[in-house]
Amino acid sequence: MATLWLLDDVPSPTQDSETLRKAVQGFGTDEEAIILTLGRRNASQRREIREKYQQLYKEHLIDRLYSELSGDFRKAVMLWTYDPPERDAILANETLRARRKGPKELQVIVEIACASSPHHLMAVRQAYCSRFDGSIEEDIASLVPLPLKKILVGLVSSFRYDKELVNADVANSEAEILHNAIKMKQLDNDDLVYVLSTRSFSQIRATFKSYEQRFGNHIHEDIKASGNGTLESLLGVVIWCIDTPEKHFAEVIRTSILGLGTDEDSLTRAIVTRAEIDLKKVRAEYLKMYKSSLDNDVTGDTSGDYRRFLMTLLGSKR
């Protein structure tokens, strides 16, 4: 359910590299050529362009984009041009190195661990080690305070079974485990962390369904009702990212454009990271939740090349 609109007749990596080279040479930068070239290529095509550009011009395309572009437009284009695992590794490292590490900031780690495939998470961990000479697990353990780091280390360390097989008996028994932990306000309970961080997404969703059937509320509601601390907030994000990631990202986009000013970093992250995954679902959920058009709201809250690039990723053919 991606929004990315790909050309029927895609130019070769050499042709795209030549187009980009012309766009960044001479007096001024041709931002439109950059948007139309990179914004309508999938991850494998962008990788081929990066490799061919490096081969032809002996410089890294991303380095050149950094020197030629600026502001939110530059950050969005650069994040999009990276391989998705490296991009997420960079986002994770930025989060862990930031001064503030509340639930809003740390939701980036949760998104990577819980709204992506197990294979993607493994690739992110490998990219993180390669780029930052250390593991994401080590950095979480040393830079994030308890009890949040216990949850996050568990989430990023796992390699979940990725099939649809579900055991109903396990779902029922683990729904009981989760309910007891929440009832006792032991939200960093080892058993709770084990269930959320090791079970397949299909199995956990079955557990959430069993929880609601047996105890009358969605688990997200009971966690929210148990307190308003950082642990409750972070676990709420974990639940949404596992159960219905489109709701989570719809909320991220909505929150980023509400009020005075725009949270461009959150808006960029949500659109760039989901454009090749489920942004159509996010768009539909946004309309359902807020009775408003995601595309219109993004258009109304952004401007210039930044807006044109985001709208290209949202599937605009203009």
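Conventions adopted
- Think of each chain on its own: its residues are numbered from 1, step by step along the sequence as written.
- Since the coordinates come from a predicted model, pLDDT governs what is reported: local features require at least 70, and pairs of side-chain atoms require 80 or more to be given and counted, while whole-chain, interface and lining totals use all residues.
- Water and hydrogen atoms play no part in the side-chain values, which are based on all heavy atoms of the structure.
- Secondary structure elements follow DSSP: runs of H or I no shorter than four residues count as helices, runs of E no shorter than two count as strands, and numbering proceeds from the N terminus.
- All radius of gyration figures rest on C-alpha atoms, and the globule criterion is 2.2 Å times the number of residues raised to 0.38.
- The contact criterion used is simple: two residues touch if any of their non-hydrogen atoms lie within 4.5 Å.
- What sets the accessible areas is the Shrake-Rupley method with a 1.4 Å probe; for residues, cover comes only from the shown protein chains.
- UniProt positions are given in the numbering used here, feature names are shortened, and annotations may be inferred rather than shown by experiment.
- Relative accessible area decides the class of each residue, using a 1.4 Å probe on protein chains only: under 20% of the type maximum gives buried, over 50% gives exposed, and in between gives partly exposed.
- In this scheme, a helix's expected span is set at 1.5 Å multiplied by one less than its residue total.
- Throughout, the arc means the angular range of directions from the helix axis out to the C-beta atoms.
- Side-chain rings of Phe, Tyr and Trp, where Trp is taken by its six-membered ring, are said to pair if the distance between their centres is within 6.5 Å; with planes under 30 degrees apart they count as stacked, over 60 as edge-to-face, and otherwise as tilted.
- Should the NZ of a Lys or the CZ of an Arg lie within 6 Å of a ring centre and within 35 degrees of the ring normal, that charge is described as sitting over the ring.
- For every residue, the predictor assigns a confidence score, pLDDT, that lies between 0 and 100.
- Each reported salt bridge corresponds to a side-chain nitrogen of Lys or Arg within 4 Å of a carboxyl oxygen of Asp or Glu.
- Only C-alpha atoms enter the line fits that serve as axes; for helices the fit covers just the stretch in contact. Angles between N-to-C directions range over 0 to 180 degrees.
- Working rule for angles: under 35 degrees goes down as roughly parallel, over 145 as roughly antiparallel, 65 to 115 as roughly perpendicular, anything else as oblique.
- Ten residues, namely Ala, Val, Leu, Ile, Met, Phe, Trp, Tyr, Cys and Pro, are considered nonpolar, four, namely Asp, Glu, Lys and Arg, are considered charged, and the remaining ones, Gly among them, are considered polar.

1. Some points on the overall build of the protein
And step 1. Counting its regular elements, the protein contains 20 helices and zero strands.
And step 2. The C-alpha atoms of the protein give a radius of gyration of 21 Å, which matches the 20 Å a tight globule of 318 residues would have.
And step 3. Dimensions along the principal axes, computed over C-alpha positions, put the protein at roughly 65 × 45 × 40 Å.
And step 4. Restricting to contacts in the protein with at least 6 residues of sequence separation, those with at least 24 account for 72%.
And step 5. For the protein, the exposed area adds up to about 15000 Å²; of that, 49% sits on carbon and sulfur atoms.

2. Observations regarding the UniProt feature "binding site: Ca(2+) 1" (unreviewed entry) in the protein
And step 1. Listed under "binding site: Ca(2+) 1" (unreviewed entry) in the UniProt record, and renumbered for this structure, are Gly26, Gly28, Glu68, Gly261, Asp301 and Thr302. A stretch of 277 residues holds the annotated residues, and the largest C-alpha distance among them is 34.5 Å, long enough that they do not meet in one place.
And step 2. One can find Asp301 in helix 19 (residues 294–301).
And step 3. Since its relative accessible area comes to 28%, Asp301 is described here as partly exposed.
And step 4. Not counting the four nearest positions on each side in its chain, Asp301 is found in contact with Ile257 and Thr262.

3. Considerations on helix 18 (residues 279–290)
And step 1. Between its terminal C-alpha atoms helix 18 stretches 16 Å, which fits the 16 Å expected from 12 residues at 1.5 Å a residue.
And step 2. By the burial criterion, the buried members of helix 18 are Leu279, Val282, Glu285 and Tyr286. The buried residues of helix 18 all sit within an arc of 115 degrees when viewed along its axis, so they share a single face.
And step 3. At its buried positions, helix 18 is contacted by helix 16 (245–257), helix 17 (264–274), helix 19 and helix 20 (304–313).

4. Focus: the packing of aromatic side chains
And step 1. Summed over all chains, the structure comprises five aromatic pairs.
And step 2. The ring of Trp80 carries Arg46 above its face, with NZ or CZ at 3.7 Å from the centroid.
And step 3. Cation over ring: Arg74 sits above Tyr66, and NZ or CZ is 4.0 Å from the ring centre.

5. Brief notes about helix 5 (residues 71–81)
And step 1. Considered for burial, the residues of helix 5 that qualify are Phe73, Ala76, Val77, Met78, Leu79, Trp80 and Thr81.
And step 2. Buried-residue contacts for helix 5 involve helix 2 (31–38), helix 3 (43–57), helix 4 (61–68), helix 6 (84–97), helix 17 and helix 20.

6. Structural notes on the confidence of the model for the protein
And step 1. When pLDDT is averaged along the protein, the result is 95; 99% of the residues meet or exceed 70.
And step 2. Of all secondary-structure elements in the protein, the lowest mean pLDDT belongs to helix 14 (residues 219–225), at 93, while helix 5 reaches the highest, 98.

7. Observations regarding the pattern of salt bridges
And step 1. In total, this model carries 23 salt bridges according to the counting rule given.
And step 2. The partner of Arg308 in a salt bridge is Asp305, with the nearest N and O atoms 2.3 Å apart. Note that Arg308 and Asp305 are positioned in helix 20 at a spacing of three residues, about one turn of the helix.
And step 3. Asp305 sits in the partly exposed class, given a relative accessible area of 22%.
And step 4. Beyond isolated ion pairs, a larger network of salt bridges with shared partners links Arg21, Glu59, Arg64 and Glu68.

8. Thoughts on unusual backbone geometry
And step 1. Cis geometry marks the peptide bond from Leu146 to Pro147; its omega dihedral reads 0 degrees.
And step 2. Of note in the backbone geometry, Asp133 takes a positive phi value of approximately 55 degrees without being a glycine.
And step 3. Counting through the fold element by element, Asp133 comes out in the loop between helix 8 (118–132) and helix 9 (136–143).

9. Focus on the UniProt feature "binding site: Ca(2+) 2" (unreviewed entry) in the protein
And step 1. Listed under "binding site: Ca(2+) 2" (unreviewed entry) in the UniProt record, and renumbered for this structure, are Ile257.
And step 2. Note on placement: Ile257 falls in helix 16.

10. Remarks on the packing of helix 4 against helix 5
And step 1. The contact between helix 4 and helix 5 brings their axes to 9 Å, and the two run at 175 degrees. The orientation of helix 4 with respect to helix 5, classified from their angle, is roughly antiparallel. Along the contact surface, helix 4 presents Leu61, Ile62, Leu65 and Tyr66, while helix 5 presents Arg74, Val77, Met78 and Thr81.
And step 2. The residue inventory of the contact of helix 4 with helix 5, partitioned by class, reads six nonpolar, one polar and one charged.

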